[in-house]
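# Per-entry structural report
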There are 2 protein chains.
Amino acid sequence: MTAGSGCREAPARPELGWHTLESRILCETPHLQVFCERVATPSRPGGVEWVVARRRAAAVVAPRTAAGKYLLVRQERVAVRRALWEFPAGQVDGEVNPEAIRATALRELGEEAGVACRGELVSLGAFYSSAGFTDEQAHLFLATDVAPRAEGSAHDEHEVILGVGEFSAGDLRRMIAAGEVADANTLALFARLTARGLLE
Amino acid sequence: MTAGSGCREAPARPELGWHTLESRILCETPHLQVFCERVATPSRPGGVEWVVARRRAAAVVAPRTAAGKYLLVRQERVAVRRALWEFPAGQVDGEVNPEAIRATALRELGEEAGVACRGELVSLGAFYSSAGFTDEQAHLFLATDVAPRAEGSAHDEHEVILGVGEFSAGDLRRMIAAGEVADANTLALFARLTARGLLE
């Protein structure tokens, strides 16, 4: 396979000195492709070999009601054999661009939490879920003044949302402190909300 | 392959109603194994098919000096083609148990940041880096009163640490707000520190 072929997306912010020298696919599934790559880096221009799991970018959204409550969904997570309380999230379909990412956030608000955004959809940047082995990047949003939408929720048949709960900022903080919130998406979004002084 | 075989670790907190019905390996590399599994869940006792990327558990540690500064390492991350400012982290070698996890945190403090912990190593629970597709779990710690160790740092030859920086809690907050800190490990650990009132 020629250099860089088979990669679904370019890195979101390519930096100088990074070049894919070789890439061969080890495993391909609908939601995950694994490559063995040889990559030149700024400090290692001769290249280093790395196994990279490629995934589509995702959007994660913190739905906040007019009363200042946050909505979390409780979702069965097969990979970790647990149900987790999380902010709604989903993968971007098709081309990854700012409009598609925002549309994904709004779609997941509706499908997973059954609400629509009547206020603003505030971008809070992105993060890498596990930069040691995957290019997966999730884009973070705060949706203000969310309210139930007429059609309710509409879960993907492959996923199971067990419930939707409304939590104050203090509840959320306590759940994070106690380890009851334990997924990177929700923790990263809480970190950005807190760091920007937007939590309450 | 028989049910559940090939799995490196049991889920950290198995819950009632989860059973691996079938598991076949799609891809095996030293640091990543991908399985196609059929799993019974509490809401889907007949089973659901899922592709799961299995990884060893990791430890992430926030090194804090006696003066209240945090140490971050700047690391080249091949999977995302960028250098990132992060808290030191690494995978647990051998059997995953509480002692091995703490030893990993202390090892990474020394190897990546060149410091030793003269105070306490405080456990802040764990998190899942991307519960939609991987069982990877990272255990979070605060190390207090860290100070340079005699032997300095000793980086893994496969990794490149470009530098170590000292940042106040306010610096850290500003870097997170600005998106300059963008890895799940550091954001999740900041979230737990903040939620527990331990940041400053």
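Just so it is clear, the model here is predicted, and its values are computed rather than measured.

## With respect to the interface of chain A and chain B
Contacts between the two partners involve 58 residues from chain A and, on the opposite side, 58 residues from chain B. Breaking the side of chain A that touches chain B down by element, the ones donating at least two residues are strand S1 (19–29), strand S2 (32–40), strand S3 (48–54), strand S5 (70–77), strand S6 (82–86), strand S9 (121–128), helix H2 (169–177) and helix H3 (184–195) of chain A. With eight residues, the single largest contributor to the side of chain A that touches chain B is H3(A). Class assignment for the residues of the side of chain A that touches chain B results in 33 nonpolar, eleven polar and 14 charged.

## Quick word on the relation of the copies chain A and chain B
The operation relating chain A to chain B is a screw motion whose rotation component is 180°, with 0.0 Å of axial translation and a residual RMSD of 0.0 Å. The superposition operator between the copies reduces to a two-fold rotation axis. Residue by residue, 100% of the interface of chain A is reproduced at the interface of chain B, so both copies engage with the same surface.

## A few points about the sheet that holds strand S2 (residues 32–41) of chain B
Residue and element names in this part refer to chain B. Across the sheet, which stays open at both edges, the three strands sit in the order S1-S2-S3 with antiparallel pairing between neighbours. In this open sheet, the two strands that pair with only one neighbour each are strand S1 (19–29) and strand S3 (44–54). Strand-to-strand twist across the sheet, computed as the mean angle between neighbouring axes with direction ignored, equals 10°. Both S2 and S3 contribute to a ladder of eight bridges, which runs antiparallel. Within S3, the position partnered with Thr41 by the bridge is Arg44.

## Brief notes about the packing of H2(A) against helix H3 (residues 184–195) of chain B
Between H2(A) and H3(B), whose axes approach to 8 Å, the crossing angle comes to 115°. Viewed along their axes, H2(A) and H3(B) adopt a mutual orientation that is roughly perpendicular. For H2(A) against H3(B), the interelement crossing comes out left-handed. In this structure, H2(A) contributes Arg173(A), Ile176(A) and Ala177(A) to the contact, and H3(B) contributes Ala191(B), Arg192(B) and Ala195(B). Taken together, the residues of the contact of H2(A) with H3(B) break down into four nonpolar, no polar and two charged.

## Some thoughts on the environment of Pro45(B)
Its location among the elements puts Pro45(B) in strand S3. A C-alpha to C-alpha distance of 8.6 Å links Pro45(B) and His19(B), two positions 26 residues apart in sequence.

## Thoughts on the sheet that holds S3(A)
Residue and element names in this part refer to chain A. If you walk across this open sheet you meet the three strands as S1-S2-S3, and the pairing is antiparallel. Of all strands in the sheet, those with a lone pairing partner are S1 and S3, marking the two edges. Averaged over neighbouring strand pairs, the angle between their axes works out to 20° when direction is ignored. Taken together, the nine bridges between S1 and S2 define a ladder with antiparallel strand orientation.

## Comments concerning the nonpolar core
The nonpolar side chains of soluble globular proteins are, as a tendency, buried together. Core analysis: the biggest nonpolar cluster contains 114 residues, and Leu187(A), Ala188(A), Leu187(B) and Ala188(B) have the highest contact counts within it. Dropping the residues within four chain positions of it, Leu187(B) is found in contact with Phe127(A), Leu187(A), Ala188(A), Ala191(A), Ile176(B) and Val181(B).

## A few points about the confidence of the model for chain A
Parts of the prediction with low pLDDT should not have their coordinates interpreted in detail. Considering every residue of chain A, the mean pLDDT works out to 92; 92% of them sit at 70 or more. Here residues 1–12 of chain A scores under 50 on pLDDT; set against residues more than four positions off or in separate chains, the count is 27 contacts.

## Describing the domain arrangement of chain A
Along its sequence, chain A is carved into domain 1 (1–54) and domain 2 (58–195). Summarising the inter-unit geometry, the C-alpha centres of domain 1 of chain A and domain 2 of chain A are found 28 Å apart.

## Some points on the pairing of S5(A)
All names here are of chain A. Burial analysis of S5 places seven of its eight residues in the buried class, the great majority of the element. Of the pairings in the sheet, the one linking S5 to strand S11 (residues 161–167) comprises six bridges and is antiparallel in character. Considered in S11, the bridge of Leu72 is made with Gly165. Of the pairings in the sheet, the one linking S5 to S6 comprises five bridges and is antiparallel in character. Bridge assignment links Val73 to a residue of S6, and that residue is Glu86. Between S5 and S6, which pair antiparallel one after the other, the connecting turn spans four residues, and Arg81 there sits at a positive phi close to 60°.

## Brief notes about unusual backbone geometry
All names here are of chain A. In this model, Arg81 sits at a positive phi of 60°, which is unusual for a non-glycine residue. Looking at the element boundaries, Arg81 is found in the loop between S5 and S6. According to the C-beta neighbour criterion, Arg81 is buried, with 22 such atoms within 10 Å. At Asp145, a position not held by glycine, the phi torsion is positive, near 50°. Mapped onto the elements, Asp145 comes out in strand S10 (residues 137–148).

Reading guide: rules and limits
- Residues numbered from 1 in each chain as written.
- Chains lettered and ligands numbered in written order.
- Predicted model: local features only at pLDDT ≥ 70, side-chain atom pairs only at ≥ 80, totals over all residues.
- Contact = placed C-beta atoms within 7 Å.
- Helix = DSSP H or I, 4+ residues; strand = E, 2+ residues; numbered from the N terminus.
- Nonpolar A, V, L, I, M, F, W, Y, C, P; charged D, E, K, R; others polar.
- Least-squares fit on C-alpha atoms with pLDDT ≥ 70 in both.
- Pairing = 2+ DSSP bridges.
- Axes fitted to C-alpha atoms, helices over the stretch in contact; angles between N-to-C directions.
- Parallel < 35°, antiparallel > 145°, perpendicular 65-115°, else oblique.
- Left-handed = near helix turned anticlockwise from the far one by under 90°.
- Core = buried A, V, L, I, M, F, W, Y, C linked by C-beta atoms within 7 Å.
- Buried ≥ 20, exposed ≤ 12 C-beta atoms within 10 Å, placed from the backbone.
- pLDDT = per-residue confidence, 0-100.
- Domains from an automatic or database assignment.

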